[in-house]
Every structure is written in structure tokens, then in C-alpha cells.
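In case you want the letters, here they are:
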Amino acid sequence: MELLSHQVKDFLTEEKEQYHEKLHHLYNEFIQEFSLEDLPNLPLEKYALGYAEGSFGWWLEYKTSEIGSIKGGSASKHVIYYKKKEKEWFYPEQYSSEHEAWQALRKDILEVVEHAHKIPYEKIPETNLLYSKSMLKGKISYMYAPKKMFPIFQVQHLKHFLSVVGVEEASVKDKDCVELSRMLHDKVYALPNMEGFDELVVANFFYTYYSPSEKVYKLAPGENANLWPRCKEAKEIAIGWD
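Residues numbered from 1 in each chain as written. Predicted model: local features only at pLDDT ≥ 70, side-chain atom pairs only at ≥ 80, totals over all residues. Heavy atoms only, no water.

(A) Highlighting the packing of aromatic side chains. Tallying each qualifying case throughout the model produces 24 aromatic pairs. Seen from their ring centres, Tyr-81 and Phe-90 are 5.1 Å apart, and the 5° between their planes marks the pair as stacked. Residue Tyr-81 is classed as buried on the basis of its relative accessible area, which comes to 14%. Exposure remark for Phe-90: the relative accessible area of 26% places this residue in the partly exposed category. An aromatic cluster is built from Phe-30, Phe-34, Tyr-47, Phe-56, Trp-58, Trp-59, Trp-102 and Tyr-144, whose rings are joined through pairwise contacts. Over the ring of Trp-59 we find Lys-63, and its NZ or CZ is 5.9 Å from the ring centre. Positioned above the aromatic ring of Phe-90, the side-chain terminus of Lys-83 is 5.3 Å from the ring centre. (Phe/Tyr/Trp six-rings, centres within 6.5 Å; stacked < 30°, edge-to-face > 60°. Buried < 20%, exposed > 50% of the residue type's maximum accessible area, 1.4 Å probe, protein only. Lys NZ or Arg CZ within 6 Å of the ring centre and 35° of its normal.)

(B) Representation of the pattern of salt bridges in the model. What the rule picks out here adds up to eight salt bridges. Between Lys-77 and Glu-61 there is a salt bridge; the shortest N-O distance is 3.2 Å. Taken together, the positions of Lys-77 in the loop between helix H4 (56-63) and strand E1 (81-83) and Glu-61 in helix H4 put the pair 16 residues apart, joining distant regions of the chain. Each member of the pair Lys-77 and Glu-61 is classed as buried. Of the charged contacts, one joins Lys-147 and Glu-199 as a salt bridge, the two residues approaching to 3.1 Å between their closest N and O atoms. Here the residue Lys-147 occupies a position in the loop between helix H6 (134-144) and helix H7 (155-164), and Glu-199 occupies one in helix H9 (residues 199-209), the gap between them amounting to 52 residues. Within this structure, Lys-147, Asp-198 and Glu-199 form a network of salt bridges that share partners. (Salt bridge = Lys/Arg side-chain N within 4 Å of Asp/Glu carboxyl O. Helix = DSSP H or I, 4+ residues; strand = E, 2+ residues; numbered from the N terminus.)

Below, the structure written as C-alpha cells:
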């Protein structure tokens, strides 16, 4: 593999520098809107996706998607959200109200941010409401600790990029997206002459030149779909492997 710093330098054209400068301005807008100092007092209505444009969740999923995307899936990844059409709050069933749920989630968001800064990194406990919300946990961690990780939030993508820089598959087993991103960050910036390149630039470089290949599988419930009734009854689908 060619020296990574040479590849990134060749990648970073004037046009790309201007683009990354735009992303930095966008990042600074987010931090001005949702500073770490104000996070402990963030009201539910300012957090919840669906309640109003300009919420914390809206900024993370839509406004800052070019910094690092967490689009896809359902709104449940935000733990608490609001459906305008139904005029109804959605939150974990163990809580008696959206406000009780928000008190717990806000505390857990602060715990995620705290752990993002820890050296060495420590996983958040399983009791944290964001423990299984991989992409949201990763995005929040990056937005408040951008010099400790990359804006890459899909576990499989991180594992792929780690393999690009020579990390063996066995070393990435059972690690969450934040831990993998921190590992990739440490590995990349330990390489010669990489310290001058910004995390946004390096992440964009990886996706441009080492993008993970997507696997597409064709559903095949039998010849002429003759097994479809059985699949439907069993609530399962077939790919066609013997």
C-alpha cells in the first residue's frame, strides 16, 4: 500500500478543501446551537426528531448528514421522537411519560459524550439507552469529540477501513462503532506524516478510494415464486441457496 499520507495529499484538491471548509462551518453551527455546556439543560422539545425542524435529532440526522450520515432505518433510533400526524410521543415503554424518558435519555447522552473523551475508551454500560443505538451513539460521540474519532458510524464500514490499514479481523471482534472509530483514528494518525490531515478529510478519502463493496442478494422463493405462499405463512423469505 502506498504511503497513506501521499494518497490523502493527492486526494485533497482545492475544490475538496473548500468543501471540507463548508463542513467545518456546518459543524460549528451545530456546536453553537447545542453546546456541551447547554446539553445538561436541553429540553425535550429541542431534542426530539419530528417535533420541530431545528431539533437536536433533526440536526444529527438531516442538517449535518454531509458530515457523517445516520440516515436510514426508523425514527426509533432516536429513542424518543414525536409523530406530528398522530400528535403522539414515542418513547421506551418502561417509562410512564415522555418527560420521564427524557430525563433518563438526556443523562445517558451526557454519559456517551463523557465516554467519547476517555483514554483509553470505555464502552458505555448496557443500561444506557443508547447502548444498542450504534449510529446515533457514534454521531453524538463524534460531534462532541471530533479529534478522537472519524465521522463514520457503520460498524461494517469501520471494520473494512481498519482492514485497509492492516488491522486483523480478530482485533475488531465485539467492538462497538465508537471503539472501532477510535481504533481507526489511532492507527491512521500513528502512520507517517498523517498528523496534518483533518478527520473529515480522511473519512471522505476512505469512502472515495476504499469504499466498502455493497452485497446485493436476490430473493428467490422458488421457481416462478412457487414457494411464496409457504414463505408468507411462515413469515420468512428465501435466497435460493440449497
